[in-house]
Amino acid sequence: MSTISQWQLRAAFAERLSHMYGQEVPAYTTLVDVSREVNEDVLRARGADAQRLGSIGRVTAERHGAIRVGTPRELQQVARVFAALGMHPVGFYDLREAAASAVPVVSTAFRPVDGAELARNPFRVFTSMLTPADPRFFDTDLRTRLEAFLAGRELFPPELLALADRAAAEQELPGEQAERFLQLAVQAFELSPEPVDKAWYGTLERISAVAADIGGVRSTHINHLTPRVLDIDELYRRMTERGIEMIDTIQGPPAWKGPDVLLRQTSFRALAEPRAMRTPDGGVVSGSLRVRFGEVEARGIALTREGRALYDELLGLVDEQAAQKPSEARSDIARAVWERHMPGSEQELAAEGLAYFTYRLDPDRPRDGSRPPADLEGLLREGWVHAQPLVYEDFLPRSAAGIFQSNLGGEGTRDNDRQGTAYDAAWLSGAIGRDVLDPFDLYERQQNRSLARVARELGLTETLR
Ligand code: OOG
Ligand code: NI
């Protein structure tokens, strides 16, 4: 067998995980089928324009997964598995405040960072880590028991981690090792048949369903997998027609006539899955848990820090108006707010520095010997260069909290009178032992590299910005 490169490992892992999850959660397969149908229809209707934010090959294979771990040690280990696949931690998300229910986790997303790698396969995993040290959720006694429980489990076998380290160091694996690595990696995220300790799970569940899902069992599992769709409103309609109960909203930006930006997501509700339960007397009974679901997303243009600040401001405005007019649909309020405040075209987003683009020489640029203008606006206006939007590769904390929350059984408890433990990207970098990268820096670097290339190709001495 020949050697398998990191991106091939990543693509194979995503595909096998998808296959495994489809067997465990059949409604996910329906979601993937309907997404494919919608994508084919959009491609037919819009032609090449449908591929402005990624080739149809990329979009069809595109998935994100979500997993949840309990400790910095487990997070370090999973980071080694993802490093083997060319996936690096990007972004810091604090969901403890973002959700109304108790979601005691901080998160990052592991993903490829390089443009070419993203184009090959953009598989990403939203990865959350439990925060037992946060006194708003856990008292000292429960924290001690929880940490002891987590310290005593092993999520990733040493053989998997050794193969992962080799793949990361050599940027490939020989065929046989690649096969073994993929088997072990997929296995690590399967739902374990081991009986769940009913009393312990229940104790944690009263605090937070997420805490129980993470710390109530001796293994981890993929929590959901998310295909990408080119028209999420249409997908929502078709899933509902098929009788699959969706959560009641599409999170993120509203459906509107302007450009698609950032990320829109929706999901079907977690389904009850049969799970063996161990009772306090040592017997095993059959029970069920409702933790795993399917989600779907539509991706738009990446916004700059300024663009993102505008997005967050509009979110606040929509909240305010929705509170004042409870009888009006939130989606209608949001659309009206966006039409008033959000630039309605890619050109305006670019001109106002609100979104990221890459720039290329236009093949139809003037060839009459005239000199190109030395500024980007002029180059665009006079047809020398052409702007291509950068797709948003990350997540939104408020939407993530909404996705967590819409799938939790109980509200759980959070004592808001206590001071929460502070975490940030630097803390998380220390915990993982790798830099948590800033998503804005990554987009900006990609944009700047393209501008430098254009300037070089046109023989301009000024820096374009
Ligand atoms: C993660 C929820 C966040 C998303 O797409 O925003 C997420 C989880 O449920 O563990 O996946
Ligand atoms: Ni998700």
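Residues numbered from 1 in each chain as written. Chains lettered and ligands numbered in written order. Predicted model: local features only at pLDDT ≥ 70, side-chain atom pairs only at ≥ 80, totals over all residues. Heavy atoms only, no water.

**Student:** I'd like a rundown of the coordination of the nickel ion (ligand 2), residues and numbers included.
**Tutor:** Binding of the nickel ion (ligand 2) to the protein goes through His64 (NE2), His224 (NE2) and Glu295 (OE), at separations of 2.1 Å. Counting the intervening residues between successive donors of the nickel ion (ligand 2) yields the motif H-x159-H-x70-E. Taken as a pair, His64 in strand E2 (residues 63-69) and Glu295 in strand E10 (residues 284-299) lie far apart in primary sequence, 231 residues in all. Across the pair, Glu295 and His64 agree in class, each one buried. (Donors = N, O, S within 2.8 Å, 3.2 Å for Na, K, Ca; no water. Helix = DSSP H or I, 4+ residues; strand = E, 2+ residues; numbered from the N terminus. Buried < 20%, exposed > 50% of the residue type's maximum accessible area, 1.4 Å probe, protein only.)

**Student:** A description of the pairing of E10 should follow, citing residues and the corresponding values.
**Tutor:** Examined bridge by bridge, strand E8 (residues 224-227) and E10 share two bridges and lie parallel to one another. Considered in E10, the bridge of Leu225 is made with Gly294. Here strand E9 (residues 263-278) runs beside E10; their pairing, made up of 14 bridges, is antiparallel. Within E10, the residue paired with Met277 across the bridge is Val285. The hairpin turn running from E9 into E10, its antiparallel successor, is five residues long, and Gly282 in that turn takes a positive phi close to 95 degrees. (Pairing = 2+ DSSP bridges.)

**Student:** I'd like a rundown of the packing of aromatic side chains, residues and numbers included.
**Tutor:** Under the criterion given, the structure shown has 17 aromatic pairs. Note on Trp256 and Trp338: the rings are 5.4 Å apart at their centroids and 75 degrees apart in plane angle, and the pair reads as edge-to-face. Here Trp338 lies in helix H14 (residues 330-341) and Trp256 lies in the loop between helix H12 (232-241) and E9, a separation of 82 residues in the sequence. Judged by its relative accessible area of 13%, Trp256 is buried. Measuring from ring centre to ring centre gives 4.4 Å for Tyr423 and Trp427, while their planes differ by 65 degrees; the resulting arrangement is edge-to-face. By relative accessible area, Tyr423 is classed as buried at 13%. The partly exposed category is assigned to Trp427, whose relative accessible area is 33%. Here the aromatic residues Phe13, Phe82, Phe110, Phe123, Phe156 and Phe189 are joined through ring pairs into a cluster of three or more. Over the ring of Phe395 we find Arg299, and its NZ or CZ is 5.5 Å from the ring centre. (Phe/Tyr/Trp six-rings, centres within 6.5 Å; stacked < 30°, edge-to-face > 60°. Lys NZ or Arg CZ within 6 Å of the ring centre and 35° of its normal.)

**Student:** Outline the side chain of Arg299, listing residues and values.
**Tutor:** The topology assignment puts Arg299 in strand E10. Engagement of the side chain of Arg299 in a polar contact is seen with the backbone oxygen of Tyr392, the distance being 2.8 Å. A distance of 2.9 Å separates the side chain of Arg299 from the backbone oxygen of Asp394, its partner in a polar contact. Those residues in contact with Arg299, other than ones at most four positions away along the chain, are Leu53, Glu62, His64, Arg124, Arg228, Leu262, Leu263, Val391, Tyr392, Glu393, Asp394 and Phe395. (Polar contact = N/O pair within 3.5 Å; in protein donor to acceptor, adjacent residues only side chain to side chain. Contact = heavy atoms within 4.5 Å.)

**Student:** Talk me through helix H4 (residues 72-84); I want residue IDs and the actual numbers.
**Tutor:** Taking 1.5 Å per residue, 13 residues should reach 18 Å; H4 reaches 19 Å between its end C-alpha atoms and fits that length. Of all the positions in H4, only Glu74, Leu75, Gln77, Val78, Ala79, Val81, Phe82, Ala83 and Ala84 are classed as buried. Looking one or two residues beyond H4, the residue adopting positive phi is Gly86, at roughly 70 degrees. (Expected span 1.5 Å × (residues − 1).)

**Student:** I'd like to hear about helix H8 (residues 158-170), residue by residue, with values.
**Tutor:** Along its 13 residues, H8 runs 18 Å from first to last C-alpha, staying within 8% of the 18 Å computed at 1.5 Å per residue. Close packing links the buried residues of H8 with helix H1 (6-24), H4, strand E6 (172-174) and helix H9 (175-188). Positive backbone phi, approximately 60 degrees, marks Gln171, located one or two places after H8.

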